[in-house]
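Take a look at the letters that make up each chain.
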Amino acid sequence: MQMTPRASMPRFLLVEDDTVSRGFFRAALETLPAQVDTADSLASALERGRHGEHDLWLIDVNLPDGNGSQLLHALRLSRPHTPALAHTADGDTSIHARLRDDGFSETLVKPLSREQLLQAVRRALVNSPGSATPTAGAGTDGEREDWDEITALAALNGQRNHLIALRELFLAELPGVRDAVAQAVQQHDVGTLKGQLHRLQASCGFVGAARLARAVRQLHQAPESNGAHTQFKAAVESLLH
């Protein structure tokens with residue numbers, strides 16, 4: 001079996017004070033594959049964060065010396081664009097809403113399955129403003145900016161033929177989605193616009209359309225922004241041409 005070069009692997013910081021939970025998370029994440037640094041407290045996580053550049057933080061909400069939101073705020077002082085997932089055994093939806101307001105892209109409820117964890121990680125990586133896991137050697141080349149091979153192949157367990165087929169379908173449907181988005185923007189129909197963008201965001205994640213995923217996220221957050229719509233159109237045209 002061909003191994004993924006270590007340099008191309010995403011690197012995660014996992015913060016979890018429970019030994020069993022930490023073992024489960026680490027074992028699951030390493031199957032992506034990924035490098036996983038671990039910490040069991042707010043203080044040790046800050047130390048890890050200072051000495052490593054991570055593509056994603058997975059943070060326990062309740063820590064022995066603080067909470068997940070405090071840690072996220074402290075980490076973001078030096079790395080404001082790193083995506084973060086919260087994890088907790090508390091299923092209270094109001095807590096989850098507060099965590100999203102604090103900056104977490106998603107909240108995972110423990111216990112959870114390996115596939116639920118990996119799907120959330122893939123979503124966070126694809127949707128991050130900074131494109132958390134660019135293809136190794138990515139630079140100014142248009143294709144490398146448009147597509148995130150690592151995340152897309154991880155989502156399909158390395159099956160490149162499946163990825164190619166999904167991308168062909170994605171690109172065939174993209175012009176219709178582009179036109180529907182443009183019409184919704186023109187008519188100031190925010191509900192229809194967000195519905196189109198929500199479906200497109202999921203599709204981008206499955207095929208690794210990293211640049212378009214970021215543009216979709218920005219337009220979803222600022223539907224009245226001309227700049228966001230311009231970036232969306234540019235990302236679509238780059239894929240189609």
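Residues numbered from 1 in each chain as written. Predicted model: local features only at pLDDT ≥ 70, side-chain atom pairs only at ≥ 80, totals over all residues. Heavy atoms only, no water.

A. Quick peek at the overall build of the protein. Across its full length, the protein holds 11 helices and 7 strands. Relative to its full complement of 241 residues, the protein shows a buried share of 44%. (Helix = DSSP H or I, 4+ residues; strand = E, 2+ residues; numbered from the N terminus. Buried < 20%, exposed > 50% of the residue type's maximum accessible area, 1.4 Å probe, protein only.)

B. Here's a closer look at the packing of helix α8 (residues 160-186) against helix α11 (residues 226-240). The contact between α8 and α11 brings their axes to 10 Å, and the two run at 160 degrees. With respect to each other, α8 and α11 are oriented roughly antiparallel. Crossing geometry of α8 relative to α11 is assigned as left-handed. Contacts between α8 and α11 involve Phe170, Leu171, Leu174, Pro175, Arg178, Val181, Ala182 and Val185 on the former and, on the latter, His229, Phe232, Val236, Glu237, Leu239 and Leu240. Looking at the contact of α8 with α11 residue by residue, the classes come out as 11 nonpolar, 1 polar and 2 charged. (Axes fitted to C-alpha atoms, helices over the stretch in contact; angles between N-to-C directions. Parallel < 35°, antiparallel > 145°, perpendicular 65-115°, else oblique. Left-handed = near helix turned anticlockwise from the far one by under 90°. Contact = heavy atoms within 4.5 Å. Nonpolar A, V, L, I, M, F, W, Y, C, P; charged D, E, K, R; others polar.)

C. Region of interest: the pairing of strand β6 (residues 84-88). The element β6 is extensively covered by neighbouring structure, given that 5 of its 5 residues are classed as buried. Burial of the side chains of β6 extends over both faces: Ala84, Ala86 and Thr88 are buried on one face and Leu85 and His87 on the other. Both strand β3 (residues 56-60) and β6 contribute to a ladder of 4 bridges, which runs parallel. The partner of Ile59 across the bridge, within β6, is Ala86. Both β6 and strand β7 (residues 106-109) contribute to a ladder of 4 bridges, which runs parallel. In the strand pairing of β7, His87 is matched with Leu108. The parallel pair β6 and β7, bridged by helix α4 (residues 93-101), forms a crossover whose chirality is right-handed. (Pairing = 2+ DSSP bridges. Right-handed = clockwise from strand over helix to strand, strands pointing away.)

D. The environment of His73, seen in detail. Looking at where His73 falls in the secondary structure, it is placed in helix α3 (residues 68-76). Sequence spacing of His73 and Gly103 is 30 residues, and the spatial spacing of their C-alpha atoms is 8.3 Å.

E. Structural view of the sheet that holds strand β2 (residues 35-39). Here we have 5 strands laid out as an open sheet, ordered β2-β1-β3-β6-β7, and parallel in their pairing. Every interior strand has two partners, whereas the edge strands, β2 and β7, have only one. The mean angle between the axes of side-by-side strands here comes to 20 degrees, regardless of whether they run parallel or antiparallel. Both strand β1 (residues 11-15) and β3 contribute to a ladder of 4 bridges, which runs parallel. Opposite Leu14, over in β3, you have Leu58 as the bridge partner. Sheet contacts for helix α1 (residues 19-30): β1, β2, β3 and β6; angle to β2, the most-contacted strand, approximately 165 degrees.

F. Geometry of the confidence of the model for the protein. Put simply, the protein has an average pLDDT of 84, and 88% of its residues get 70 or more. Of all secondary-structure elements in the protein, the lowest mean pLDDT belongs to helix α6 (residues 142-146), at 56, while β3 reaches the highest, 96. Contacts from residues 1-7, a stretch scored under 50 in pLDDT, to residues over four places away or in other chains number 3 contacts. (pLDDT = per-residue confidence, 0-100.)

G. Molecular detail of the environment of Leu72. Along the chain, Leu72 turns up in helix α3. In this structure Leu72 comes out as buried when scored by relative accessible area, which is 1%. The contacts of Leu72, once residues within four sequence positions are left out, are Trp57, Ile59, Ala84, Asp102, Gly103 and Phe104.

H. The packing of aromatic side chains, seen in detail. This structure, assessed with the given rule, holds 2 aromatic pairs. Seen in terms of ring centroids, Phe24 and Phe25 are 5.8 Å apart; in terms of plane orientation they differ by 85 degrees. Their pairing is edge-to-face. Phe24 sits in the partly exposed class, given a relative accessible area of 32%. Given the relative accessible area of 1%, Phe25 is considered buried. Note on Trp147 and Phe170: the rings are 6.5 Å apart at their centroids and 70 degrees apart in plane angle, and the pair reads as edge-to-face. (Phe/Tyr/Trp six-rings, centres within 6.5 Å; stacked < 30°, edge-to-face > 60°.)

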